[in-house]
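Chain residues, written in single-letter form:
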Amino acid sequence: MVIDLTDGRSEPGEAGTSPDRPVRRPWGTYLSGRSRRLLPWAAVVAALALTAAIFFRWGSAAAPAPVTARPAPSASATALTVPQVYDTLLPSVVFIQATGGSSAVGRGVEGGTATAEAATGTGVIVNADGTVLTALHVVQGASAIQVTFADGTRAAAKVATAEAASDIATLTVAKLPEIVVPAVLGGAGLGVGDDVVAIGNQLGLRYSTTAGVVSGLDRSVGRGTTADLTGLIQFDAAVNPGSSGGPLINTRGEVVGVIVALANPTEAGTFIGVGFAVPIGAALGGAGEGTGPALPL
């Protein structure tokens, strides 16, 4: 069988041909003429083939694989305002309720006598695994601990580590929020007069924010029959019962200390101008100020 690859038209006047008989052109001449008409179709076929290859190898462009965003907090390069500090730290601050412990926070007295009432305090997330740093006296001896995150997630917690000498504890939480935002820890170079911000759940008023300055360093606070707390940051941002365990923050958005006490010569246990925080370095197992080596979190 012979297949005619011509386009079926004759060319009058060519040698060896007749008007009613098609002319057989050389292969090259035929292909160049035909290819001009086939080129758009060839491009379409090639595009379809490429699309199919991409679809089967990487999936449909209309349904990309989900990407989970992971927070990557870092200290601000410039000084933040108090509202900016609050917005930055709020996702990292938690509300703590401890039932049946020895804390005096429940009856409104920091450092007072023991009580079996529910104590309230504050904590701060310090690790991507959801570890919460707080004051030990808030949760010490508690039969049940509940943590409430800023997004409203509530979960049971338990004490993971405790350091009585510095009144610091870490908690592990049974259920974490969908997005965990650990705070940025810092504090090297903190000096008297530096601006600081405190965030806590003082007097049951959740996520209260106050501002002040560092008014002293390397302070000591007596604890009755227990050894004094030493090497503390003294500050004048207002704190009250319920603030314990909350973060003390510098203007770069770094947690520089963990609030543990207030100075008050009366039995009222309310703020009269002097609060104390354990430097973050000491809270994490170091000595004095700075970041210090990390305690197992």
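Residues numbered from 1 in each chain as written. Predicted model: local features only at pLDDT ≥ 70, side-chain atom pairs only at ≥ 80, totals over all residues. Heavy atoms only, no water.

1. Describing the overall build of the protein
Moving on, step 1. Assigned secondary structure in the protein consists of four helices and 13 strands.
Moving on, step 2. The contacts of the protein with a sequence gap of at least 6 include a subset with a gap of at least 24, amounting to 59%.
Moving on, step 3. Working note: accessible area of the protein is about 15,800 Å², and carbon and sulfur atoms make up 59% of it. (Helix = DSSP H or I, 4+ residues; strand = E, 2+ residues; numbered from the N terminus. Contact = heavy atoms within 4.5 Å. Areas by Shrake-Rupley, 256 points an atom, 1.4 Å probe, with all protein chains shown as cover.)

2. Overview of the pattern of salt bridges
Moving on, step 1. Across all of its chains, the model carries one salt bridge by this definition.
Moving on, step 2. A salt bridge links Glu254 to Arg252, with the nearest nitrogen and oxygen atoms 3.9 Å apart.
Moving on, step 3. For Glu254, a relative accessible area of 12% translates into the label buried.
Moving on, step 4. A residue is classified by how much of its surface remains accessible, and Arg252, at 37% relative accessible area, is partly exposed. (Salt bridge = Lys/Arg side-chain N within 4 Å of Asp/Glu carboxyl O. Buried < 20%, exposed > 50% of the residue type's maximum accessible area, 1.4 Å probe, protein only.)

3. Thoughts on the environment of Tyr86
Moving on, step 1. The residue Tyr86 is located in helix α2 (residues 82-89) in this model.
Moving on, step 2. Note on Tyr86: relative accessible area 24%, which makes it partly exposed.
Moving on, step 3. Tyr86 has contacts with Ile199, Tyr207 and Thr209, leaving out every residue within four places of it along the chain.

4. Describing the nonpolar core
Generally speaking, nonpolar side chains in soluble globular proteins are found buried as a group.
Moving on, step 1. Counting residues in each nonpolar core, the largest one holds 45 residues, and the members touching the most others are Ile96, Leu133, Val139, Val147, Leu171 and Val260.
Moving on, step 2. The biggest single contributor to this core is strand β1 (residues 93-99), with five residues.
Moving on, step 3. Not counting chain neighbours up to four residues away, the residues in contact with Val139 comprise Ile96, Ala98, Ile145, Val159, Ala169 and Leu171.
Moving on, step 4. If you look at the next biggest cluster of nonpolar residues, it comprises 13 residues, including Val196, Phe235, Val239 and Val256. (Core = buried A, V, L, I, M, F, W, Y, C linked by side-chain atoms within 4.5 Å.)

5. Some details on the confidence of the model for the protein
Moving on, step 1. Taken residue by residue, the protein gives an average pLDDT of 76. The fraction at 70 or more is 66%.
Moving on, step 2. Per-element mean pLDDT across the protein ranges from 51 in helix α1 (residues 27-58) up to 98 in strand β11 (residues 247-250). (pLDDT = per-residue confidence, 0-100.)

6. Concerning unusual backbone geometry
Moving on, step 1. Of note in this structure, Asp167 is not a glycine but carries a positive phi near 60°.
Moving on, step 2. Along the polypeptide, Asp167 turns up in the loop between β5 (154-163) and β6 (168-173).
Moving on, step 3. Even without being a glycine, Leu203 presents a positive backbone phi close to 55°.
Moving on, step 4. With respect to the element layout, Leu203 can be found in the loop between β8 (195-200) and β9 (208-223).
Moving on, step 5. Relative accessible area serves as the criterion here: at 54%, Leu203 is assigned to the exposed category.

7. Let's talk about the side chain of Asn240
Moving on, step 1. Mapped onto the elements of the fold, Asn240 is located in the loop between β10 (226-235) and β11.
Moving on, step 2. Side-chain polar atoms of Asn240 contact the backbone nitrogen of Phe271, separated by 2.9 Å. (Polar contact = N/O pair within 3.5 Å; in protein donor to acceptor, adjacent residues only side chain to side chain.)

8. Points about the pairing of β6
Moving on, step 1. Counting buried residues in β6 gives five out of six residues, a clear majority hidden from the surface.
Moving on, step 2. Pairing of strand β3 (residues 132-135) with β6, which is carried by four bridges, proceeds in the antiparallel orientation. Residue pairing for β6: Thr134 is matched across the bridge by Ala169.
Moving on, step 3. In this structure, β5 lies alongside β6, joined through six bridges in antiparallel fashion. Directly across from Ala157, in β6, lies its bridge partner Val173.
Moving on, step 4. Where β5 folds back onto β6 in an antiparallel hairpin, the turn is made up of four residues, including Asp167, whose phi is positive at roughly 60°. (Pairing = 2+ DSSP bridges.)

9. Quick notes on empty space enclosed by the protein
Moving on, step 1. In this structure the tally under the stated criterion is two cavities of 30 Å³ or more.
Moving on, step 2. Its boundaries defined by the atoms lining it, the second largest cavity holds a volume of some 30 Å³.
Moving on, step 3. Around the second largest cavity, the lining residues are Ala198, Ile199, Gly200, Gln202, Ser208, Thr210, Ala238, Val239, Ser243 and Ile259.
Moving on, step 4. Those elements that provide at least two residues to the lining of the second largest cavity are β8 and β9.
Moving on, step 5. In terms of residues, the lining of the second largest cavity owes the most to one element, β8, which gives three residues.
Moving on, step 6. Among the residues making up the lining of the second largest cavity, the classes are represented as five nonpolar, five polar and no charged. (1 Å grid on protein atoms, 1.4 Å probe; cavity = no way out; pocket = protein on both sides within 12 Å on 5 of 7 lines; lining within 4 Å. Points joined across faces, edges and corners; volume = space filled by probe spheres on them. Nonpolar A, V, L, I, M, F, W, Y, C, P; charged D, E, K, R; others polar.)

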